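A look at the structure
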Amino acid sequence: MTSTPGHAPLHFKIVIDATAPHAQADFWAAALHYTVEDNSALIEKLLGLGAVPPELTVDSHGRRAWRDLAAVRHPDDPYQEESGTGLGRRLLFQRVPEAKTGKNRVHLDVHAAEGRRAEEVARLEALGASVLRQVKEPGGEWVVMADPEGNEFCVH
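Read on for an overview of the structure.

What counts and what doesn't
- Residues numbered from 1 in each chain as written.
- Predicted model: local features only at pLDDT ≥ 70, side-chain atom pairs only at ≥ 80, totals over all residues.
- Heavy atoms only, no water.
- Helix = DSSP H or I, 4+ residues; strand = E, 2+ residues; numbered from the N terminus.
- Contact = heavy atoms within 4.5 Å.
- Polar contact = N/O pair within 3.5 Å; in protein donor to acceptor, adjacent residues only side chain to side chain.
- Core = buried A, V, L, I, M, F, W, Y, C linked by side-chain atoms within 4.5 Å.
- Buried < 20%, exposed > 50% of the residue type's maximum accessible area, 1.4 Å probe, protein only.
- Pairing = 2+ DSSP bridges.
- Arc of directions from axis to C-beta.
- Lys, Arg positive; Asp, Glu negative; His and termini not counted.
- Salt bridge = Lys/Arg side-chain N within 4 Å of Asp/Glu carboxyl O.

Tracing the backbone through its elements, the reader meets histidine 74 in the loop between strand S5 (69-73) and strand S6 (90-95). For histidine 74 and histidine 33, which are 41 residues apart along the polypeptide, the C-alpha to C-alpha distance reads 7.6 Å. If we ignore the near neighbours within four places in the chain, the residues touching histidine 74 are Tyr34 and Arg89. A polar contact of 3.0 Å, which involves the side chain of histidine 74, links it to the backbone nitrogen of aspartate 76.

Attention now moves to the nonpolar core. In terms of nonpolar packing, the biggest core is built from 21 residues, with Trp28, Phe93, Met145 and Phe153 touching the most fellow members. Secondary structure elements with two or more residues in this core: strand S1 (14-18), helix H1 (21-32), S5, S6, strand S7 (108-110), helix H3 (117-127), strand S9 (140-146) and strand S10 (152-155). Those residues in contact with phenylalanine 153, other than ones at most four positions away along the chain, are Phe27, Trp28, His107, Leu108, Val110, Leu124, Ala129, Val143, Val144, Met145, Ala146 and Asp147.

An order of S1-S6-S5-S2 is seen for the four strands of this open sheet, with the pairing classed as mixed. Both edges of this open sheet fall to S1 and strand S2 (35-36), since each of them pairs with a single strand only.

Because the α-helix completes a turn every 3.6 residues, residues three or four places apart line up on one side. Along H3, the positions that sit buried rather than exposed are Glu120, Val121 and Leu124. Down the axis of H3, the buried side of the element spans an arc of 100 degrees, and every buried residue falls inside it. Residues of H3 that are exposed and angled more than 90 degrees away from the buried face: Ala118 and Ala126. On its buried face, H3 sits against H1, S7, strand S8 (130-137), S9 and S10. Following H3 by one or two positions, glycine 128 has its phi on the positive side, about 120 degrees.

Along the chain, aspartate 147 falls in the loop between S9 and S10. No salt bridge is formed by the buried aspartate 147; its nearest oppositely charged neighbour, lysine 100, is found at 8.1 Å. Within the structure, the side chain of aspartate 147 is placed 2.8 Å from the side chain of glutamine 24, a separation counted as a polar contact. With residues near it in sequence (within four places) discarded, aspartate 147 still touches Gln24, Phe27, Trp28, Gly128, Ala129 and Phe153.

Taken by themselves, the reported measurements are silent on function.
Shown next as structure tokens:
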């Protein structure tokens, strides 16, 4: 596969399967200090036009949200005003019927401030994450954790 010089993607998102996308979005927004996307203006517009049925939406944080999708974005990154969709660093949680069954093929690394890994691990545990193991190798040290749905991530 070849690439065309100067034509990088405009932005990308990491999509994570979830049984409870809104709970996952709330966890990761708190974990990363991100913002849960507010798609309510777009949803209300589409509902008003009859373009989507109300069954595809739920109430989340007192506003309309997609039933099966929830996203978080970095608060400093640009986003579309009309839809609330982030245009930068972004995680999208999509509802799937099955629970997680195997090891992640992709995971997030969370980097704590120098000397504050233990404090960050405790904060993440208070949000609903769990410690799976502590790793000490010649290349470094980190803590492997799982989010509330069992997705592994590392705290460095």
